[in-house]
Amino acid sequence: MSARAQIPHSRPTLTAEDHASVVACLTEGSIAQGRRVEAFEAAVATRLGKAHAVATASGTSALVLALRGLEIGAGHEVVLPSYVCYAVRDAVTAAGATPVYCDIGSGWSMTPEAVERVVTPQTRAIIVVHNFGIAVPTGAFLRFGVPLIDDVCQSFGAAIEPGAVVTCASFQATKLLTTGEGGMVLTDDVRIYERVTLLRDGAHGCRGERVPAPFTDLQAALGLSQLARFETFLARRREIAAAYLGDLSGIGCRLPVDVRERSIFFRFPLRATRPFEGVRLAFMAHGIHVRRGVDALLHHAEGLPAERFPETETTFAETVCLPILPSMSDDDIARVIVATREIFS
Ligand SMILES: Cc1ncc(COP(=O)(O)O)c(C=O)c1O
């Protein structure tokens, strides 16, 4: 077994610029919600091409605020894929609505065909989850005639098609861009923006409804310096993905070739037909941490029959995500390639 450093699956990309930006904020003493939060909201809105932005405590609270901003709550159904983290379901239930789960297609993402099978007259929104950095064609879901919410928590900065009324981002520690914890609601609709701002900040007539979702200048200081280097993060991810796609072809696993043009590679998923736990241990022997695409399936927690989620079930069983981090060295990348080839050959 190698004595070399472990290669984690996930870690934030933090540099001296980030330290300096946070220290400048501390030195100035403006550490609550102030002008840096406003500057970060404006910068993210510009980056994503949206008119308005409201920073929140997390991606989960961004989703809750988005749903509440759309006046979705008790008696309403919200469609989301079963193949996503619990946070998305928790946001729907926190808003008072009922989550309805759909299957995915073969590319790790929900499809209109899968949504078609679960929409009902009670459906009030569809959360279009852009998993792993892969931009799902949002416009394809417009035909259901309900508001679309883009969940870009794993795809911040991907080329997302227009169509959604609200976009929700996460800046949690291991996301594409981090503020430690944090999130954001983005929209072009001024009424949704005003309502979400009221829900976050409170005001006369809105206090009882307020959703505590604080975001501070200290976090914004980190976010602003991360955003200044964000394009270099994405470029490095693309470089690593190109190396994996080139050097891992022919290993007998399905690589994310079909989604290559639509992905910014938050994750590098491959489909292997061997049980995940054995694969994970084999990588551990090389000092490399891999993970499943998601930790669990939402329809299992609800006791729903597996037969209704065939692609979700096989994708869950077969997906292995390799480390893909801007901070990986060329040596790290070569180690992952050698180990992957060895394990699957
Ligand atoms: C697709 C997706 N949506 C929402 C969230 C929730 O974001 P947060 O952890 O910032 O609450 C996550 C976080 O892992 C996520 O991956």
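Here the structure is a predicted model, which means the values were calculated and not measured.

Focus: the site of the ligand
In step 1: The environment of the ligand is formed by 15 residues, the closest being Gly59, Thr60, Asp151, Ser170 and Lys175.
In step 2: One nitrogen or oxygen atom from the side chain of Gln154 is found 3.0 Å from an oxygen atom belonging to the ligand.
In step 3: Within the side chain of Ser170, a nitrogen or oxygen atom sits 2.7 Å from an oxygen atom of the ligand.
In step 4: For the ligand, whose unbound accessible area comes to 390 Å², protein coverage reaches 88%.
In step 5: Among the elements of the structure, α3 (59-69) and α4 (86-94) are those that each provide at least two residues to the shell around the ligand.

Description of the domain arrangement of the protein
It is common to give the size of an interface as the accessible area lost on bringing the parts into contact.
In step 1: Domain annotation for the protein reports domain 1 (16-228) and domain 2 (230-344).
In step 2: Computed over C-alpha atoms only, the centres of domain 1 and domain 2 are separated by 25 Å.
In step 3: With 35 residues of domain 1 in contact, the opposing surface of domain 2 contributes 34 residues.
In step 4: Between domain 1 and domain 2 the total buried area reaches about 2,900 Å² when both faces are included, carbon and sulfur atoms providing 64% of it.

A closer look at the sheet that holds strand β2 (residues 77-81)
The strands that make up a sheet pair up through hydrogen bonds in the backbone, lying either parallel or antiparallel.
In step 1: Read across the open sheet, the seven strands follow the order β1-β7-β6-β5-β4-β2-β3; overall the sheet is mixed. One side of each edge strand has no neighbouring strand; the edge strands of this open sheet are β1 (52-56) and β3 (98-102). On average, each strand axis in the sheet is tilted by 25° relative to the strand beside it, whichever way the strands run.
In step 2: Two elements, strand β4 (residues 123-129) and strand β5 (residues 148-151), share four bridges in a ladder whose sense is parallel. Opposite Ile127, over in β5, you have Ile149 as the bridge partner.
In step 3: Packed onto the sheet, helix α2 (residues 35-48) meets β1, β6 (166-170) and β7 (183-187) and runs at close to 55° relative to β7.
In step 4: Docked against the sheet, α3 engages β1, β2, β4, β5, β6 and β7, running at close to 165° with respect to β6.

Topic: α2
In step 1: When the terminal C-alpha atoms of α2 are compared, their 20 Å separation across 14 residues agrees well with the 20 Å that a helix rising 1.5 Å per residue should span.
In step 2: Residues Arg36, Val37, Phe40, Glu41, Val44, Ala45 and Leu48 constitute the buried set of α2.
In step 3: Looking at the buried residues of α2, the elements they touch are α1 (16-28), β1, β6, β7, α6 (190-201) and α7 (217-228).
In step 4: Within two residues after α2, Gly49 carries a phi angle of roughly 70°, on the positive side.

Some words on the environment of Ser10
In step 1: Counting through the fold element by element, Ser10 comes out in the segment before α1.
In step 2: Taking the C-alpha atoms as reference points, Ser10 and Ala173, 163 residues apart in sequence, are found 9.1 Å from one another.
In step 3: Residues in contact with Ser10, not counting those within four places in the same chain, are Thr174 and Leu325.
In step 4: A polar contact is formed between the side chain of Ser10 and the side chain of His9, at a distance of 2.8 Å.

Cut-offs applied
Residues numbered from 1 in each chain as written. Predicted model: local features only at pLDDT ≥ 70, side-chain atom pairs only at ≥ 80, totals over all residues. Heavy atoms only, no water. Near = heavy atom within 4 Å. Polar contact = N/O pair within 3.5 Å; in protein donor to acceptor, adjacent residues only side chain to side chain. Areas by Shrake-Rupley, 256 points an atom, 1.4 Å probe, with all protein chains shown as cover. Helix = DSSP H or I, 4+ residues; strand = E, 2+ residues; numbered from the N terminus. Domains from an automatic or database assignment. Contact = heavy atoms within 4.5 Å. Buried area = accessible area lost by both parts, 1.4 Å probe. Pairing = 2+ DSSP bridges. Axes fitted to C-alpha atoms, helices over the stretch in contact; angles between N-to-C directions. Expected span 1.5 Å × (residues − 1). Buried < 20%, exposed > 50% of the residue type's maximum accessible area, 1.4 Å probe, protein only.

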